[in-house]
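# Inside the fold
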Amino acid sequence: EPTSGLDAASAESAMTTLLALAKNSRTIITTIHQPRSSIFALFDSLLLLADGRCVYFGDAHASVKYFTDLGYPCPPAYNPTDFFLDLLSPGRGDASALRERVAALVAARDGTKVRHSQSAMSTIAWAAGEVPDRSVPKYASGWLLQFRELSRRSLTYFLRQHEIIVAVLIQNIIFSVLLGLIWLREAGDRSGAPVQSTVGLLSFLIVNTAFASAFFVLFTFPAERAVVLKERASRTYHLGAYFWAKSMTDIPRILVTAMIYTIVVWNLVGLRSGGDHFFSYFILFVLTQIAAEGMAYCVSAGARDAQMAGAIMPVFMVASLLFCGFFINTSSIPVWLRWLRYLSFVRYSFSVAAQIEYKDRTLDLSGCSSAFCPASGNDALDFYGLDELSFATNFGLLLLLGFAFRFLAYYILLRRGPKFEQRL
């Protein structure tokens, strides 16, 4: 009832705004009482109910002629809505005559070809307590159409968040430049301290990428989930169409941030040269973000709100970080806890980064004066325990874990869906 409590001019302004929305591919359904004639002229379709029974449903502009043809002409220069209320309301005339008139109008409607859609008539039947048409589909459109439109909506919503986009870009540029300046030209084929410094940089790059991506989801997704629950309750779209559309529209942002990290850090630090190594780092940062955001989606889907998700997420991130192989060697972890390293996406990312930098690489021992002087990159990988799995295996498991987190998040959302849907 958008016009309740409004004066005539404000009511007409509100309805004109709704008309503009309706012409922009939106469906507007409203209940309205005694609208002025200029507001009635805005309607496309009209539904008239009397005693809970449908008296008319069809083109609003054809309603006056319809009742005239049935022997109930609207007086000249008379507001049609006032005429309909006088015709159908119990406030005027004999109650028994009104019941007979309503019964006659309902019978006439049943025998008159008033254009209507199957889904709309099913809604009317349900509202009147009649048996609904079970042939009406669960959703008004197909999965692919939902996926396309939801992808467009998700991308449009993200592009409208100018402040968030700028903040994400600035954050990535500042962090990548800062790390590049701290580890300026530190990488290379020198043995000893440079190896330790470079391995430390690689671990920090992975951790920073994971945390930034995960908390971006934590700050944005819970609020969006509340809207999704309402739209799912009204069967606006399938959950799968929404979730995978959102996952697809995350990819452009992930690619941009990963490219910024790779270009800046790779050039400033002097990471292993070669186009194959550059693109390996780029793909690694992309997959790391996908895995971290997948874990964040799982937590956000299961948590009650953003505050709870923010409190739970560090537990999983720190656990994944502890088993990455940098802070403690795998052999030093208690046997009954070692299996947890296989659930650590940070471990797979860190192993891939170290193997990109040092796999089958000869190191220069001439300037090494510390106790740690590996003769080759393979020795350095063995020292940190990062050669347990091959490069391809680590990459594959990282990709698999990223998709597994997404499917788990989808399952959690599916199980925690609205419980008050009314099947039409």
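Residues numbered from 1 in each chain as written. Predicted model: local features only at pLDDT ≥ 70, side-chain atom pairs only at ≥ 80, totals over all residues. Heavy atoms only, no water.

Looking only at helices and strands, the protein chain features 15 helices and two strands. Its C-alpha radius of gyration of 32 Å places the protein chain more than 25% over the 22 Å reference for a compact globule of 424 residues. Projected onto the principal axes, the alpha-carbon positions of the protein chain cover approximately 110 × 45 × 35 Å. Here the protein chain holds 424 residues, and the buried ones make up 44% of them. Pairs at least 24 apart in sequence give 71% of the contacts found in the protein chain among residues at least 6 apart. Approximately 22400 Å² of the protein chain is accessible, and the part contributed by carbon and sulfur atoms is 63%. Positive and negative side-chain charges in the protein chain, numbering 37 and 32 respectively, have mean positions lying 4 Å apart. (Helix = DSSP H or I, 4+ residues; strand = E, 2+ residues; numbered from the N terminus. Rg over C-alpha atoms; globule rule 2.2 N^0.38 Å. Buried < 20%, exposed > 50% of the residue type's maximum accessible area, 1.4 Å probe, protein only. Contact = heavy atoms within 4.5 Å. Areas by Shrake-Rupley, 256 points an atom, 1.4 Å probe, with all protein chains shown as cover. Lys, Arg positive; Asp, Glu negative; His and termini not counted. Charge placed at Lys NZ, Arg CZ, Asp CG, Glu CD.)

Next up on the list: the environment of alanine 50. Positionally, alanine 50 belongs in strand β1 (residues 45–50). The class for alanine 50 is buried, based on a relative accessible area of 3%. The spacing of alanine 50 and leucine 105 is 55 residues in sequence and 9.7 Å in space, taken between C-alpha atoms. Residues contacting alanine 50, with those up to four places away along its chain left out, are Val55, Leu88 and Val102.

A few words now on helix α11 (residues 275–302). Its 28 residues give α11 an end-to-end C-alpha distance of 41 Å, which sits within 8% of 40 Å, the value for a rise of 1.5 Å per residue. Most of α11 is tucked away, with 23 of its 28 residues classed as buried. (Expected span 1.5 Å × (residues − 1).)

Quick look at the pairing of strand β2 (residues 53–59) now. In terms of residue burial, β2 counts as a mostly covered element, since five of its seven residues are buried. In the sheet, β1 pairs with β2 via six bridges, with the strands oriented antiparallel. Within β2, the residue paired with leucine 48 across the bridge is tyrosine 56. Linking β1 to β2, which pair antiparallel, is a turn of two residues; within it aspartate 51 sits at a positive phi near 55 degrees. (Pairing = 2+ DSSP bridges.)

This part is about the environment of serine 37. Mapped onto the secondary structure, serine 37 falls in helix α2 (residues 37–40). Distance from serine 37 to threonine 81, taken between C-alpha atoms, is 7.3 Å for residues 44 residues apart in sequence.

It is worth spelling out the pattern of salt bridges at this point. Applying the stated rule across the entire model yields 13 salt bridges. Three or more residues joined by partner-sharing salt bridges are found here, namely Asp250, Arg253, Glu293 and Arg406. (Salt bridge = Lys/Arg side-chain N within 4 Å of Asp/Glu carboxyl O.)

On the surface, a nonpolar cluster with roughly 470 Å² of combined accessible area is contributed by Leu169, Ile173, Val177, Leu181, Leu184 and Val256. If you tally residues by element for the nonpolar patch, the top one is helix α8 (residues 162–182), at four residues. (Patch = residues over 30% accessible without salt bridge, like charges linked within 9 Å, V, L, I, M, F, W, Y side chains within 5 Å.)

Let us now look at the packing of aromatic side chains. For the coordinates displayed, the defined rule picks out 23 aromatic pairs. When the centroid spacing of 5.0 Å and the interplanar angle of 75 degrees are considered together, the rings of tryptophan 266 and phenylalanine 278 count as edge-to-face. With tryptophan 266 in helix α10 (residues 239–270) and phenylalanine 278 in helix α11, the pair connects residues that are twelve residues apart, well separated along the chain. Assigned by exposure class, tryptophan 266 and phenylalanine 278 land together as buried. Through a chain of ring-to-ring contacts, the aromatic side chains of Phe40, Phe43, Tyr56, Tyr66, Phe67, Phe83 and Phe84 assemble into a single cluster. (Phe/Tyr/Trp six-rings, centres within 6.5 Å; stacked < 30°, edge-to-face > 60°.)

Let us now look at the confidence of the model for the protein chain. Predicted coordinates in areas of low pLDDT are best not read in detail. Summary statistics for the protein chain give a mean pLDDT of 82 and a share of 90% for residues scoring 70 or more. Within the protein chain, helix α6 (residues 118–127) has the poorest average pLDDT of any element, 45, and α11 the best, 93. Taken together, the stretch residues 113–134 has pLDDT below 50 and engages in 26 contacts with residues farther than four places along the chain or on a different chain. In this model residues 420–424 is a low-confidence stretch, pLDDT under 50, and it forms eleven contacts with partners more than four residues away in sequence or in other chains. (pLDDT = per-residue confidence, 0-100.)

Where helix α13 (residues 345–358) meets helix α14 (residues 377–384), the closest approach of the two axes is 9 Å, and the angle between their N-to-C directions is 160 degrees. The orientation of α13 with respect to α14, classified from their angle, is roughly antiparallel. Classified by chirality, the crossing of α14 by α13 is right-handed. Of the residues in α14, those touching α13 at Ala354, Gln355 and Tyr358 are Gly377, Asn378 and Leu381. In terms of residue class, the contact of α13 with α14 is built from three nonpolar, three polar and no charged. (Axes fitted to C-alpha atoms, helices over the stretch in contact; angles between N-to-C directions. Parallel < 35°, antiparallel > 145°, perpendicular 65-115°, else oblique. Left-handed = near helix turned anticlockwise from the far one by under 90°. Nonpolar A, V, L, I, M, F, W, Y, C, P; charged D, E, K, R; others polar.)

Let's shift gears to the packing of α10 against helix α15 (residues 391–415). Two numbers describe how α10 lies on α15: the axes approach to 10 Å, and their chain directions differ by 145 degrees. Crossing geometry of α10 relative to α15 is assigned as right-handed. Residues Leu239, Gly240, Phe243, Trp244, Ser247 and Asp250 of α10 pack against Arg406, Phe407, Ala409, Tyr410, Leu413 and Leu414 of α15. A breakdown of the residues in the contact of α10 with α15 according to their chemical character gives eight nonpolar, two polar and two charged.

Notably, arginine 185 is not glycine yet its phi reads approximately 55 degrees, a positive angle. Checked against the element boundaries, arginine 185 lands in the loop between α8 and α9 (193–233). Unusually for a residue other than glycine, aspartate 360 sits at a positive phi of about 55 degrees. Tracing the backbone through its elements, the reader meets aspartate 360 in the loop between α13 and α14. Residue aspartate 360 is classed as exposed on the basis of its relative accessible area of 58%.

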